[in-house]
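Notes for the structure review
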There are 2 protein chains.
Amino acid sequence: MSAVDNKMDFDRFLKNFKKHISNLKLKNSLQKDYILKALYFEDEHLNAEEITAKVKNDYNIDIGIATVYRALKFFEDINIITSLDIGDGAKKYELNLSTHHDHMICTNCHKIIEFNDDFIEDSQVRIAKENGFLLKDHTMIIYGICEECQ
Amino acid sequence: MSAVDNKMDFDRFLKNFKKHISNLKLKNSLQKDYILKALYFEDEHLNAEEITAKVKNDYNIDIGIATVYRALKFFEDINIITSLDIGDGAKKYELNLSTHHDHMICTNCHKIIEFNDDFIEDSQVRIAKENGFLLKDHTMIIYGICEECQ
DNA sequence: CTAGTTGCAAATGCTTTGCACAGGA
DNA sequence: TCCTGTGCAAAGCATTTGCAACTAG
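What you see is a predicted model; the values in this text were computed from it and never measured.

**A closer look at the relation of the copies chain A and chain B**
Rotating chain A by 180° and moving it 0.0 Å along the rotation axis overlays it on chain B with an RMSD of 0.1 Å. Accordingly, the operation relating the two chain copies is best matched by a two-fold axis. The C-alpha atom lying nearest the rotation axis in chain A is that of Met140(A); the distance is 2.1 Å. In this assembly, 100% of the residues forming the interface of chain A have copies in chain B that are likewise at the interface, indicating an isologous arrangement.

**A few points about the interface of chain A and chain B**
In this complex, chain A contributes 33 residues to the contact, which on the side of chain B involves 33 residues. For the pair chain A and chain B, the summed buried surface comes to about 2,900 Å²; carbon and sulfur atoms form 66% of the total. On the chain A side of the contact with chain B, Ile127(A), Phe133(A) and Tyr143(A) bury the most area, a combined 20% of that side's loss. In this assembly, chain A and chain B are joined by two salt bridges. The shortest N-O distance in the salt bridge between Arg126(B) and Asp117(A) comes to 2.8 Å. Across the contact surface, chain A and chain B share 14 residue pairs in polar contact (both at pLDDT 80 or more).

**Considerations on the UniProt feature "binding site: Fe cation" (unreviewed entry) in chain A**
Residue and element names in this part refer to chain A. Following the UniProt record, one finds the feature "binding site: Fe cation" (unreviewed entry) at His100, Asp102, Glu121 and His138. Despite a sequence span of 39 residues, these residues sit close together in the fold, their greatest C-alpha distance being 9.8 Å. Mapped onto the elements, Asp102 comes out in strand β4 (residues 102–106). Side chain to side chain, Asp102 and His138 meet in a polar contact 3.1 Å long. Note on placement: His138 falls in strand β6 (residues 134–145).

**Focus: the sheet that holds strand β2 (residues 81–84) of chain A**
Residues and elements named next belong to chain A. A sheet is described by the order of its strands in space; here three strands give the open sequence β1-β3-β2, paired in antiparallel fashion. The outermost strands of the open sheet, each flanked by one partner alone, are β1 (46–47) and β2. Here β1 runs beside strand β3 (residues 92–95); their pairing, made up of two bridges, is antiparallel. Bridge pairing links Leu46 to Tyr93 in β3. Helix α2 (residues 30–41) contacts β1, β2 and β3 of the sheet and is inclined by roughly 85° relative to β3.

**Overview of the packing of aromatic side chains**
Enumeration over the complete set of coordinates arrives at 16 aromatic pairs over all chains. Between the aromatic rings of Tyr40(B) and Phe41(B), the centroid separation amounts to 5.2 Å while the plane-to-plane angle is 65°, which identifies the pairing as edge-to-face. Accessibility expressed as a relative area gives 29% for Phe41(B), which makes it partly exposed. Linked through ring pairs, Phe10(A), Phe13(A), Tyr40(A) and Phe41(A) together constitute an aromatic cluster. Between Lys32(A) and the ring centre of Phe74(A), over which it is positioned, the NZ or CZ distance is 4.4 Å. In this structure, Lys37(A) packs its charged tip against the face of Tyr59(A), placed 4.9 Å from the ring centre.

Criteria and thresholds
- Residues numbered from 1 in each chain as written.
- Chains lettered and ligands numbered in written order.
- Predicted model: local features only at pLDDT ≥ 70, side-chain atom pairs only at ≥ 80, totals over all residues.
- Heavy atoms only, no water.
- Least-squares fit on C-alpha atoms with pLDDT ≥ 70 in both.
- Contact = heavy atoms within 4.5 Å.
- Buried area = accessible area lost by both parts, 1.4 Å probe.
- Salt bridge = Lys/Arg side-chain N within 4 Å of Asp/Glu carboxyl O.
- Polar contact = N/O pair within 3.5 Å; in protein donor to acceptor, adjacent residues only side chain to side chain.
- UniProt positions renumbered as here; feature names shortened; annotations may be inferred.
- Helix = DSSP H or I, 4+ residues; strand = E, 2+ residues; numbered from the N terminus.
- Pairing = 2+ DSSP bridges.
- Axes fitted to C-alpha atoms, helices over the stretch in contact; angles between N-to-C directions.
- Phe/Tyr/Trp six-rings, centres within 6.5 Å; stacked < 30°, edge-to-face > 60°.
- Buried < 20%, exposed > 50% of the residue type's maximum accessible area, 1.4 Å probe, protein only.
- Lys NZ or Arg CZ within 6 Å of the ring centre and 35° of its normal.

Rendered as structure tokens:
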């Protein structure tokens, strides 16, 4: 995908987001826009500190880490981002752009690989049903050693 | 299972544990014994603070929370306990008594249900292989609303 | 004997909160 | 305007670490 497409896509994404929170009668801000931009253009999963640094340095926006944490909680509440705790200190965050996916993490270099598996999705539905649960969501993390680290 | 059986089982478990760390040329302690006892006899998944309280109050053993954290890390390293982060603050810990299992959590009452699913286990092996990962472990948490809370 | 363990308290690191001010609807 | 969001600094919490005393092997 070219940089131009990427930018166009982000503009569309941002427009949808603004409409969405407008419908919810919530308030937006410059800072929130740029946090989304950071998450959109960064392939890695970012934590709060990394987002703060990126918005400050790359986009030259004045922002405090408290604002980032508040915005991330806001985004998670309205379900446009997902947080991921891989157990190495700070939580990482990612946009909910595509369908649900899970994560595989290299315990050596901490690389994160996303995967989507229909069997897992189906199993989750079945297991919830078997236990009388009303399914909401699931997270699955597979730990291993990636090809390069072996 | 009766209380007597339970006690016998724990005695056997503890004896095996002592032999295990003796083989590894590691050192045991009274405190570690009682942390294992707390985990063994408590059905709930306990966090560090709860373990400390139980050892202190129920078994009248002098223990500090730092020791509990250090012991838990020790146990996790030699693979006799597993930690579980359900995202509500402190990590919870459980003994590795039976085979691997995953968790389903009620987002309303925070009840934890354990389940074991062969399809999930198989999928995990297959996904790791597909991505060239050397499989080590996985965690899966299904979130939903339990029968009573619906 | 001595390396690893303990309790305590202080330190750390991530996240949240109080407050006065600024800015979006 | 009004209400909510913001940056800053301080507070909060779970977890870790330094240290001197202790203890299992």
